[in-house]
There are 2 protein chains.
Amino acid sequence: MTALTGHSLIAGERVAGTAGTTHAVSPATGERLDPPYTLLDVDQVAAATTAAAEASGPFSTLEPAAHAAFLDGVADRIDALGEALVERAALETGLPAARITGERARTTGQLRLFASVVRQGDHRGVRIDPAAPDRRPLPRVDIRQRKVPLGPVAVFGASNFPLAFSTAGGDTASALAAGCPVVFKAHNAHPGTSELVASAIAEAIAAHGLHPGVFSLVYGPGAAVGQALVADPAIQAVGFTGSRAGGLAIVRTAQARPTPIPVYAEMSSVNPVFVLPGALDGDVDALATAYVASVTGSSGQLCTQPGVVFVPRGDAGDRFLATTTRLVDEAAGQVMLTPGIARSWREGVETRSSRAAVLARGSEGPGGNAPAPVVHAVSSSDFLADDALRDEIFGAASLVVRYDGADELTTAAERIEGQLTATIQLAERDHALAAALLPVLERKAGRILANGWPTGVEVGHAMVHGGPFPATSDSRTTSVGTLAIERFLRPVAYQNLPDALLPAALRDANPWNLTRRVDGVLQPGGA
Amino acid sequence: MTALTGHSLIAGERVAGTAGTTHAVSPATGERLDPPYTLLDVDQVAAATTAAAEASGPFSTLEPAAHAAFLDGVADRIDALGEALVERAALETGLPAARITGERARTTGQLRLFASVVRQGDHRGVRIDPAAPDRRPLPRVDIRQRKVPLGPVAVFGASNFPLAFSTAGGDTASALAAGCPVVFKAHNAHPGTSELVASAIAEAIAAHGLHPGVFSLVYGPGAAVGQALVADPAIQAVGFTGSRAGGLAIVRTAQARPTPIPVYAEMSSVNPVFVLPGALDGDVDALATAYVASVTGSSGQLCTQPGVVFVPRGDAGDRFLATTTRLVDEAAGQVMLTPGIARSWREGVETRSSRAAVLARGSEGPGGNAPAPVVHAVSSSDFLADDALRDEIFGAASLVVRYDGADELTTAAERIEGQLTATIQLAERDHALAAALLPVLERKAGRILANGWPTGVEVGHAMVHGGPFPATSDSRTTSVGTLAIERFLRPVAYQNLPDALLPAALRDANPWNLTRRVDGVLQPGGA
C-alpha cells in the first residue's frame with residue numbers, strides 16, 4: 001500500500017502545510033485516524049496554480065492517443081490501490097465496503113469512458129466552412145472552429161462520494177479529459193482517501209511523461225484556501241459539489257474576480273417523486289420498499305435522494321403509507337459521514353417536525369452518529385403554504401405529500417425549485433396526467449425518470465446530473481456523463497490560417513480522423 | 001410601407017408607453033425624426049414577459065418544419081419591407097445605404113441559415129444510451145438526452161448594427177431558433193428601424209399561427225426598463241451587445257436575481273493585429289490601405305475594428321506607417337451613429353493624445369458629428385507601461401505599436417485582455433514566430449485571423465464572434481454563427497420513459513430523422 005504522508009501533493013512533490021493540521025475521524029467510532037494532515041496557508045496555494053498554468057499549454061496539445069492513455073493510466077493505478085483504498089475510504093466515511101467498491105468501479109469506469117471520448121474526439125467540435133472564392137457579392141474566406149480547454153480548473157471534493165465526486169471524480173475526470181490541469185481541494189472528511197487517489201494520478205502523470213503541474217492535491221483549513229483558489233488568476237473554471245451555502249460562496253468569489261470565471265456548482269435538490277394513481281394499481285408493497293431503500297441507502301446522503309414524494313389520497317395511497325411506515329419503523333440508522341452532517345440532519349428533522357407530522361421513525365444505529373430514519377407527511381395545501389417544507393434535509397429523511405387530483409399535483413410541481421431529478425411513478429392509465437406534468441418537470445429538472453428511483457446515477461453519454469438553479473449554478477450542463485467534458489471547453493475560430501499553422505484537429509489531412517461539420521454537414525470521422 | 005406608430009409592440013398589440021417619449025434624431029443633420037416614440041414604464045414590461053412565458057411551452061414544441069418555416073417567414077417579411085427599411089435605417093444611423101443593404105442581406109441570410117439548422121436538428125443534441133438489462137453487476141436502464149430551450153430571452157439591440165445586431169439580429173434569431181420567445185429592448189437610436197423589423201416578425205408570427213407572445217418589442221427610457229427586464233422572473237437568459245459598462249450592469253442584475261440567469265454580453269475589444277516582419281516583404285502599400293479601410297469603415301464603429309496594430313521597427317515598418325499616415329491624412333470623417341458616441345470618441349482620442357503621439361489625422365466630415373479619423377503611435381515599452389493605451393476607443397481611431405523582435409511581441413500579446421479577434425499578418429518566413437504567438441492568442445481571443453482584417457464577420461457554422469472576458473461575459477460561446485443557437489439550450493435526460501411520453505426527438509421511431517449519438521456513436525439522421 002502507498003504510505004500516507006499527511007501532506008499536500010503539489011505538482012508531484014509533497015508539501016507540508018504551515019497552517020496547522022487536521023485529522024480524519026472515523027465517523028463510526030469517533031477515533032482519530034493517522035496520519036495527521038498538514039494544512040496549507042493561502043500563500044502556499046500559488047505553487048499549485050502556477051504549476052497548473054505551466055502545464056496547461058503542453059497538456060492542451062497532447063495527441064488524443066497519449067491523452068487517452070493517461071486517463072486509462074489513472075484508472076489502472078486507482079484499481080491497483082486495491083483493498084487499501086476501499087478500507088481507508090470506508091474507515092473515513094463510515095460507508096460500507098460494498099458501496100465503496102461499487103463507487104470505485106464507477107470512478108475508474110468513468111475515466112475509461114472519458115478516455116474513449118478523448119480518443120474519438122467529437123467533443124472537439126470541429127466545424128469547417130471552406131473558402132468560397134467565387135461567392136457574390138463577396139468571396140468567403142476559410143473559417144475553421146474547434147474547442148480549446150479553458151485552462152487550469154479548481155475542483156472541490158464532496159464528502160458523500162469519497163471517490164466518484166472527489167479526487168479523481170467526475171469534475172476532475174472531465175477537466176482532465178478536456179485538457180485542463182486540475183488543482184484539487186480535498187474534503188477534510190476523507191484526507192487519506194484523497195491522498196491515495198492523488199498519488200495514483202501523480203504516478204500516471206510521471207509514467208506518461210506529462211508536466212507534473214497537470215494535477216495537484218491541496219489540503220486547507222476552513223474555506224480560506226478554497227476561496228484563494230477560486231480567486232487565483234491562474235484558475236479558469238471551478239467544479240464543486242456540496243452545500244448551497246458553499247456553492248454560492250464560491251460563485252460570488254468567482255464573479256467578483258477582475259476576470260470572472262465559470263463555476264459548476266452542484267448544490268441541493270429534493271428530487272420530487274410524483275406517484276400517479278395508476279402506479280398504485282400494482283404491487284404497492286414493492287413500490288414502498290423501493291422508496292424506503294432509496295431514502296435510507298448510504299444513510300440518505302445522496303444528491304438524488306427522494307426527499308419529497310407526492311402520494312394520492314385514498315385507500316391505495318394509504319396502503320403505500322402503511323408499508324412505508326412499517327419499513328421505516330423497522331429501519332436502523334446508518335453511520336453518517338461526519339458528526340457535523342449528522343447534526344445538520346437532526347436540526348433539519350427537528351425543524352420539519354415542528355411543521356409536519358412524523359409518519360414513521362426508525363431506530364438509532366450504532367454509535368452516536370447514526371440517527372434514526374424519519375418520514376414526515378403533510379397535505380399538499382400545507383406543503384404549498386410552507387416554504388420551509390421544500391428545503392433539503394441531507395440524510396435519511398423524506399416528506400410524503402398527500403394530494404387530491406391532477407390540479408393539486410401540477411400546482412405543487414410548479415412551485416418546486418430547480419432540481420437534479422424529478423420522477424413519475426405511473427401506469428398506462430396515467431399517461432394524460434404525466435403528459436401534463438412533463439412540460440413543468442422539464443423546466444424544473446435535469447433528469448426525468450419514470451418508474452424508478454432517482455438514486456443511482458448512471459455514467460454514460462446520455463446522463464444529465466445537473467438542473468436549474470438552485471440544483472446547480474449552471475443549468476446548461478451536467479457534472480456526470482461525457483457531456484460534462486464540454487464544460488471546460490470554449491470555441492475558437494481560425495480564419496484563413498496556413499495549413500501548417502492550424503492545430504492538428506483542423507488540418508486538411510485530418511490527422512486525428514475527427515468527425516467534422518463541413519458547411520453544416522456532419523462528416524463522421526474514425527476512419 | 002408599414003406605417004410607424006411610435007409604440008411598443010407587445011405580443012402583437014401596439015402599447016402606448018406612459019413614461020414619456022423619445023425621438024429618433026438624424027445623426028447627419030440633427031433633425032428630429034417622426035413619429036415620437038412612447039416609452040414604457042417599468043410596470044408595463046410585465047405584459048411582454050408574461051406573454052413570452054405563455055408562449056414558451058407551445059413554441060418550444062413546434063415541429064422542425066413549422067419552426068423553420070417561421071424563421072424563413074421572418075426573413076421574407078424583412079426583405080419585403082424593401083427600400084423603406086433601408087432608408088429609415090440610413091436616416092436613423094447615418095450609415096450609408098449600401099452598408100445597410102449588405103447588413104439586411106446578412107440578417108435575413110442568418111435567419112434562413114438558422115432555419116436550415118432547425119430543420120436538420122443537430123443542435124438538439126440527441127444522445128441515447130439504450131437499456132442493457134443483462135449488464136452485471138447492475139442492469140442499465142434506458143437514458144435519452146436532448147436539449148430544451150431555456151425559456152423567454154431578453155435581447156438588447158446594439159446601436160451600430162441596426163439590423164444584424166438589433167431587432168431580428170443574431171441574438172433574436174438564435175433565441176428564436178432555439179425555441180425561446182424574445183422580448184426585445186429597442187436601442188433608442190433607431191426606434192423606427194426597430195419597429196419596422198418588429199412588425200415583420202409579428203406578421204410572421206400571426207401568419208404561422210404562433211402564440212403572439214413569441215416576440216415583443218419594448219421601448220424604454222434610460223436603463224430602467226432594461227434592468228426590469230433582466231430582473232423579471234419570466235426571463236431565463238439575456239443577449240446583449242454594447243458597452244462594457246452596460247454589459248456589466250446587466251450581468252450584475254442577472255446574478256443578483258433570486259434565480260440567476262445566464263447573460264451573453266458582447267462588450268469590448270481592441271482586436272490586436274500583429275504585423276510580423278515577413279508581411280512587409282510584399283506590397284506594403286496594399287497592406288496599409290487595407291488597414292486604414294478597416295479602421296475607418298462604418299466610421300470605425302465595428303466591434304471588430306482593429307484598434308491596436310503591432311508593426312516592427314525598421315524601414316519596411318516605416319514605409320507601412322508612411323502610407324498609413326498619407327491615407328489617414330486624406331480621409332474625411334464619416335457621420336457617427338449618435339452625438340453621444342461621437343462625444344465619447346472625442347474624449348477617448350483626447351485622453352490618448354495626452355499619452356501617445358498622433359501619427360496621422362484626417363479631416364472632419366460634414367455636420368458636427370463626423371470627427372476626423374486618427375491614428376496614434378507608441379513604442380511597445382510605452383504600450384506595456386500604460387494600461388490606458390489598451391482601452392477601446394469606439395470609432396475611427398487606432399494605435400500603432402512599434403516593436404523590436406519576437407520577445408517584445410509575445411510579451412505584449414500576453415498583456416492584452418480578452419478579445420473578439422486577434423490577427424497575424426505574416427509570410428512563410430514568419431511561421432516560427434506565428435507558432436509561438438498562436439498559443440497566447442488562443443487564450444486571448446475567440447477568432448484568430450491570418451492575412452486579413454477582422455472587420456467583416458462571416459455568418460456561418462464555424463464563426464466565433466465571442467472571446468474571453470472582457471470581450472464577452474461568457475467565453476464558452478459565440479453571438480454570430482449557428483453555434484449561437486446552443487446558448488439558449490440546456491440538456492435534459494429522460495430515464496426509462498414510455499415511448500409514448502418521450503418527446504418526438506427521442507422516440508424510437510425518430511420521426512424527425514435527427515442525428516443521434518447512440519451509446520456514444522453518431523448515427524447521422526436526415527434520411
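Residues numbered from 1 in each chain as written. Chains lettered and ligands numbered in written order. Predicted model: local features only at pLDDT ≥ 70, side-chain atom pairs only at ≥ 80, totals over all residues. Heavy atoms only, no water.

A. Just the overall build of chain A, in detail. Helix and strand counts for chain A come out as 14 helices and 21 strands. Taken over C-alpha atoms, the radius of gyration comes to 25 Å for chain A, in line with the 24 Å a tight globule of 527 residues would show. Its C-alpha atoms give chain A principal-axis dimensions of roughly 75 × 65 × 40 Å. When the 527 residues of chain A are sorted by exposure, 64% land in the buried category. Looking at chain A alone, contacts between residues at least 24 apart form 75% of all its contacts between residues at least 6 apart. Taken together, the 42 basic and 52 acidic charged side chains of chain A have centroids lying 5 Å from each other. (Helix = DSSP H or I, 4+ residues; strand = E, 2+ residues; numbered from the N terminus. Rg over C-alpha atoms; globule rule 2.2 N^0.38 Å. Buried < 20%, exposed > 50% of the residue type's maximum accessible area, 1.4 Å probe, protein only. Contact = heavy atoms within 4.5 Å. Lys, Arg positive; Asp, Glu negative; His and termini not counted. Charge placed at Lys NZ, Arg CZ, Asp CG, Glu CD.)

B. Representation of the UniProt feature "domain: Aldehyde dehydrogenase" (unreviewed entry) in chain A within the structure. UniProt feature "domain: Aldehyde dehydrogenase" (unreviewed entry): in the numbering of this structure it lies at residues 20–460 of chain A. End C-alpha atoms of residues 20–460 of chain A are separated by 41 Å, and the span's content is 43% helix alongside 19% strand. (UniProt positions renumbered as here; feature names shortened; annotations may be inferred.)

C. Structural context of the relation of the copies chain B and chain A. Least-squares fitting of chain B to chain A yields an RMSD of 0.0 Å, with the transformation described by 0.0 Å of translation along the axis and a rotation of 180°. Such a turn and shift between the copies fits a two-fold axis. The overlap is high: 100% of the interface residues of chain B also sit at the interface in chain A, so the same surface is used on both sides. (Least-squares fit on C-alpha atoms with pLDDT ≥ 70 in both.)

D. Expanded view of the sheet that holds strand β16 (residues 397–403) of chain A. The sheet built from 12 strands is open, its strands ordered β14(A)-β15(A)-β16(A)-β13(A)-β12(A)-β17(A)-β18(A)-β19(B)-β6(B)-β5(B)-β20(B)-β21(B) with mixed pairing. Every interior strand has two partners, whereas the edge strands, β14 (357–361) of chain A together with β21 (521–523) of chain B, have only one. Each strand axis lies, on average, 25° off the axis of its neighbour in the sheet, ignoring direction. Along the sheet, helix α13 (residues 405–415) of chain A contacts β12 (273–275), β13 (308–312) and β16 of chain A; its crossing angle with β16(A), the most-contacted strand, is approximately 140°. In this fold helix α14 (residues 431–444) of chain A packs onto β12, β17 (419–425) and β18 (445–450) of chain A together with β6 (143–149) and β19 (489–495) of chain B, with an angle of close to 150° to the strand it touches most, β18(A). (Pairing = 2+ DSSP bridges. Axes fitted to C-alpha atoms, helices over the stretch in contact; angles between N-to-C directions.)

E. Quick peek at helix α5 (residues 170–178) of chain B. Residue and element names in this part refer to chain B. Within α5, nine of the nine residues are buried, which leaves the element mostly enclosed by the surrounding structure. Within α5, burial applies to G170, D171, T172, A173, S174, A175, L176, A177 and A178. Following α5 by one or two positions, G179 has its phi on the positive side, about 100°.

F. Quick look at unusual backbone geometry. With an omega of 5°, the peptide bond running from A:F469 to A:P470 counts as cis. Note that A:P470 resides in the loop between β18 and β19 (489–495). Cis geometry is adopted by the peptide bond preceding B:P137, which originates at B:R136 and carries an omega value of 5°. Mapping B:P137 onto the fold places it in the loop between β5 (127–129) and β6. The backbone of A:S298 sits at a positive phi, close to 55°, despite the residue not being glycine. For A:S298, the location among the structural elements is in the loop between α9 (284–296) and β13.

G. View of the packing of helix α3 (residues 82–93) of chain B against helix α4 (residues 97–120) of chain B. Residue and element names in this part refer to chain B. Direction vectors running N to C along α3 and α4 enclose 120°, while the axes themselves pass 9 Å from each other. As far as their axial angle goes, α4 and α3 are oblique. α4 is crossed by α3, and the crossing has right-handed handedness. Here G82, E83, L85, V86, A89, A90 and T93 of α3 come into contact with α4, specifically with A97, I100, T101 and R104. (Parallel < 35°, antiparallel > 145°, perpendicular 65-115°, else oblique. Left-handed = near helix turned anticlockwise from the far one by under 90°.)

H. Inspection of empty space enclosed by the protein at higher detail. This model, assessed by the stated rule, comprises 11 cavities of 30 Å³ or more. Estimates place the volume of the largest cavity at around 390 Å³. Taken together, 18 residues make up the lining of the largest cavity; nearest its centre are A:K147, A:R476, A:E486, B:R476 and B:E486. In terms of residue class, the lining of the largest cavity is built from six nonpolar, two polar and 10 charged. (1 Å grid on protein atoms, 1.4 Å probe; cavity = no way out; pocket = protein on both sides within 12 Å on 5 of 7 lines; lining within 4 Å. Points joined across faces, edges and corners; volume = space filled by probe spheres on them. Nonpolar A, V, L, I, M, F, W, Y, C, P; charged D, E, K, R; others polar.)

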